[in-house]
Amino acid sequence: MSASENPNHVQVSDLSNTGNSSLTIMDLKDDCLLEIFENLNLWQLLNIRQLCQRFSDLTDRFRYKYATFTAKIRNDDKFISIIKYVGPCLKDVHLYKFDNGDVLEAMLKFCPNLENLTLYDVHLFTRDKIMKLKSVVRNLKHLCLWNCKFNDDLGECFKGASSLESLNVRSNHVRITKKFFRNISSLKRLSIRSCVYYSQFAQVLINNPMLEVFHTEIIYDGILNDLVRHAPGVKELELTFFSRGPCPSISCLSDLPNLKSLAIHGYRGQEVNLLLDNLSTKNIIEELTLGYDCQPNMEAIIKLTNLKKLKLYGDELKDVVRLPDLQKEKELLNLINSLKKLKKINLRRTNVTFEFVKNLIKMLKQQAESRSKLEVKVSFVFFEDCLPEYEASVFMKDCEDKLKMLLAENKQVLEFRYYECR
């Protein structure tokens, strides 16, 4: 379409002929205004919609851009004006620090489609806030309370929350008991850290028979036995052990019949390897994360032939200040070679040599017909003729170019990510 045929196009000569030299934004057609409004941020939209009813109606079309909203509440009135505007489209809200219960009331009134709510560092002791949160929670699917301050009384807000599938409670300043959970029975995902008296936790598991995902830190042996006994449907499990005392036994976890994803942090090598041996008999684990201090036996991992994702942390594969361990590299290649279904392996804080990368590519190309493309993450790649202390920038640039060229030529079998090379 030519400029003369475009109904939104105005020529300078047109203005002079008509004598209308004071054309304003109000004279523009809606399509033209929408093009302008498309480039405005949230604050600009809020300001411009206050000018007139026409602009208010046009800016309503941009609510969809804000299905997720994060805010630190410093001005309750300003927040409420935002909620009035974007509330109908909001599905996910993250809020930091607010003291006025009017914020919760505004979400209840203007956010009918809200599904996920995350509150950070909020005091939830007063009866007024609890009852307002109760009205908000009633239609939620996910609730996260991070470093908030509350007690068992907050459990009142879960009455009637039959849609709540996921609850994440972390770092509350007082320990909550089973009373907090007494009105919750629909959970599929539960994450609790530094906030619960675990000796009373069995009833929580009994009340939520559909639980599939469970993340927690372990204080005593009984919770694991309770988990196996009362939550057989768990598919994803993450356990963290912070104490310097003896580790609770975790070998019973192999009795979870549907366990597909397992993450363990802080457990010692003997307990971990015993669990891996037990899991290998059923061989249903598809995702495995072993954190610091786990010191896994590579032979035990190799037996988990159904693995698709593997993440290893810690010094057992050498940290960033040391040269790669060539024996560990051989074990690692053997591990990847054995796990034919493996698609992702994350070796956090691990160093490898350029020779390892070449050998890995050679192996993957030989197996190209029988396995999927592999994604590998490491920290550093060392070149054999480059000492860790060598800092000549030109030499290092040549090394990096050499590595990038090799990876580009073989991207069909390997996606390789690294922090830097030396």
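Residues numbered from 1 in each chain as written. Predicted model: local features only at pLDDT ≥ 70, side-chain atom pairs only at ≥ 80, totals over all residues. Heavy atoms only, no water.

1. Some words on the packing of helix α6 (residues 102–110) against helix α7 (residues 127–137)
Consideration 1: Their axes nearest at 9 Å, the elements α6 and α7 cross at an angle of 20 degrees. Classified by the angle their axes make, α6 and α7 are roughly parallel. The two elements α6 and α7 meet at a crossing, and its hand is left-handed. On α7, the residues that touch D102, L104, E105 and L108 of α6 are K129, K132, L133, S135 and V136.
Consideration 2: Looking at the contact of α6 with α7 residue by residue, the class counts come to four nonpolar, one polar and four charged. (Axes fitted to C-alpha atoms, helices over the stretch in contact; angles between N-to-C directions. Helix = DSSP H or I, 4+ residues; strand = E, 2+ residues; numbered from the N terminus. Parallel < 35°, antiparallel > 145°, perpendicular 65-115°, else oblique. Left-handed = near helix turned anticlockwise from the far one by under 90°. Contact = heavy atoms within 4.5 Å. Nonpolar A, V, L, I, M, F, W, Y, C, P; charged D, E, K, R; others polar.)

2. A short note on the packing of aromatic side chains
Consideration 1: For the structure shown, the criterion picks out ten aromatic pairs.
Consideration 2: Ring geometry for Y96 and Y120: centres 4.3 Å apart, planes at 5 degrees, overall stacked. Of the two residues, Y96 is situated in strand β2 (residues 92–96) and Y120 in strand β3 (residues 116–120); the sequence distance between them amounts to 24 residues.
Consideration 3: Classification of Y96 by relative accessible area gives partly exposed; the value is 27%.
Consideration 4: For the ring pair F150 and F180, a centre distance of 5.4 Å and an interplane angle of 25 degrees mean the geometry is stacked. Of this pair, F150 sits in the loop between β4 (142–146) and β5 (166–170) while F180 sits in the loop between β5 and β6 (189–193), placing them 30 residues apart in sequence.
Consideration 5: Its relative accessible area of 0% is what places F180 among the buried residues.
Consideration 6: Ring-pair connections join several aromatic residues into one group, and the members of that group are F150, F158, F180 and F181. (Phe/Tyr/Trp six-rings, centres within 6.5 Å; stacked < 30°, edge-to-face > 60°. Buried < 20%, exposed > 50% of the residue type's maximum accessible area, 1.4 Å probe, protein only.)

3. Examining the sheet that holds strand β13 (residues 351–353)
Consideration 1: As summarised here, the arrangement of the three strands in space is β13-β15-β17, forming an open sheet in which the pairing is parallel. The two strands at the open ends of the sheet, each matched to only one other strand, are β13 and β17 (420–421).
Consideration 2: With two bridges connecting them, strand β15 (residues 380–382) and β17 associate as parallel partners. Paired with F380 across the bridge in β17 is E420.
Consideration 3: Of the strands in this sheet, β13 and β15 touch helix α13 (residues 354–366), which is tilted by about 75 degrees from β13. (Pairing = 2+ DSSP bridges.)

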